[in-house]
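Coordinate inspection notes
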Amino acid sequence: MSTDTTSTPAGDGDQPSRSELVARVAELEDRLAAVESDTDDDGPPKMSIIATKGTLDMAYPPLILASTAAAFGYEVTVFHTFWGLDILHEERSKDLKLSSVGNPNMPMPNALGALPGMDRLTTEMMKKRIRDNDTASIEELIQTSLDLGVEFQACQMTIDLMGYDEDDFFSGVTTGVGAATAIQDMADADVQLMI
């Protein structure tokens, strides 16, 4: 059995010759190498998250996304502003609440959720579920994220507005950050999220 390796010109309906295929593969390899070189120059992909809410159920999404992205090699910044700042506050983060009113996924009508003590009850139920499921605490997620290189930024305007002291935040949190820095981080990021 012999194989014909002679080159024939490609015409209408004809297959490309071996030399044409080799030239095409070489061209594609060169283009791929150039793209990979450009990508390597840009460094790791970047993610910018804005955390604006400080309830127990809204503290988890930015922390889980930040730690997961960092584990996958992303350079991650999380800018905490307004009530989202409480997530980074060492004392206040231990007492985040879950509102039973205005939450359409709560298995109770708003009228019942508005009764005194219901927020405390729903918060304790969620904390129990977190413990029973062996889910990481907020403090653990913050520490894991910091260990993975996530930069947590505390909005300086909100620190001033809420009367917080910069020493109130977890060690490793960057304070004194303004909106201009957050906007620049978002502009430079490959992924931007607002939570």
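Before reading further, recall that the structure is shown in the block above.
The model shown is predicted, which means the values in this text are computed figures rather than measured ones. Per chain, residue numbering runs from 1 following the sequence as it is written. The model is predicted, so local features are restricted to residues of pLDDT at least 70 and side-chain atom pairs to those at 80 or more, both for listing and for counting; the totals for chains, interfaces and linings are taken over all residues. Calculated side-chain values reflect all of the structure's heavy atoms, with hydrogen atoms and water omitted.

Topic: the packing of helix α2 (residues 56–71) against helix α5 (residues 138–147)
When two helices pack together, their arrangement is given by the angle between the helix axes and by the axis-to-axis distance. Our working rule: Axis lines are fitted through C-alpha atoms, for helices just across the contact stretch, and the angle between N-to-C directions can take any value from 0 to 180 degrees. Each helix is a run of DSSP H or I of at least 4 residues and each strand a run of E of at least 2, with the numbering of both proceeding from the N terminus. Roughly parallel here means an angle under 35 degrees, roughly antiparallel means over 145, roughly perpendicular means 65 to 115, and every remaining angle is called oblique. For a crossing to be left-handed, the near helix must be turned anticlockwise from the far one by less than a right angle; the clockwise case is right-handed. We call two residues contacting when some pair of their heavy atoms lies within 4.5 Å. Only Asp, Glu, Lys and Arg are considered charged in this grouping, and only Ala, Val, Leu, Ile, Met, Phe, Trp, Tyr, Cys and Pro are considered nonpolar; every other residue, Gly among them, is considered polar.
The interhelical angle for the contact between α2 and α5, taken along N-to-C directions, is 25 degrees, at an axis separation of 9 Å. The orientation of α2 relative to α5 falls into the category roughly parallel. The two elements α2 and α5 meet at a crossing, and its hand is left-handed. Here L56, A59, Y60, L63, I64 and S67 of α2 come into contact with α5, specifically with I138, L141, I142 and S145. Of the residues that constitute the contact of α2 with α5, the class distribution is eight nonpolar, two polar and no charged.

Considering the pattern of salt bridges
Under the convention used in this document: A pairing counts as a salt bridge when a side-chain nitrogen of Lys or Arg comes within 4 Å of a carboxyl oxygen of Asp or Glu. When accessible area is computed with a 1.4 Å probe and restricted to protein chains, residues below 20% of their type maximum are described as buried, those above 50% as exposed, and intermediate ones as partly exposed.
Inspection of every chain in the model, using the stated rule, returns six salt bridges. Note that R24 and E27 form a salt bridge whose closest N and O atoms lie 3.2 Å from each other. Highlighted residues: R24 and E27, both in helix α1 (residues 18–42), separated by three residues, approximately one helical turn. You can call R24 partly exposed: its relative accessible area is 40%. For E27, a relative accessible area of 38% corresponds to the partly exposed category.

Description of the nonpolar core
As a reminder of what qualifies: Residues belong to a common nonpolar core when they are buried Ala, Val, Leu, Ile, Met, Phe, Trp, Tyr or Cys residues joined through side-chain atoms within 4.5 Å.
Judged by nonpolar contacts, the single largest core of 30 residues is most densely connected at V76, V78, I138, I142 and F152. Taken together, the elements giving at least two residues each to this core come down to β1 (46–51), α2, β2 (75–80), α5 and β3 (151–155). Broken down by element, the residue count for this core peaks at seven residues, all from α2. Setting aside residues no more than four positions away along its own chain, I138 makes contact with L56, A59, Y60, L63, I87, S93 and L96. I50, C155, V177 and A182 belong to the second-largest nonpolar core, a separate cluster that totals five residues.

So, the side chain of T52
Within the secondary structure, T52 sits in the loop between β1 and α2. By relative accessible area, T52 is classed as buried at 19%. Residues in contact with T52, not counting those within four places in the same chain, are T81, F82, W83, G84, M194 and I195.

Structural notes on the environment of S19
For the record, the criterion: Here a polar contact is taken to be a pair of N or O atoms separated by no more than 3.5 Å, where protein atoms must pair a possible hydrogen donor with a possible acceptor and residues adjacent in sequence count only if both atoms sit in side chains.
Inspection of the secondary structure puts S19 in helix α1. Polar side-chain contacts of S19 include one of 3.2 Å to the side chain of S17.

A short note on α5
Selection rule: Taken from the helix axis, the directions to the C-beta atoms give the arc we talk about.
Turning to α5, its buried residues number three or more, namely I138, L141, I142, S145 and L146. Axial view of α5: buried residues confined to an arc of 135 degrees, hence all on one face. Looking at the packing, one finds that the buried side of α5 touches α2 and β3. Trailing α5 by a residue or two, G149 shows a phi angle of about 95 degrees, which is positive.

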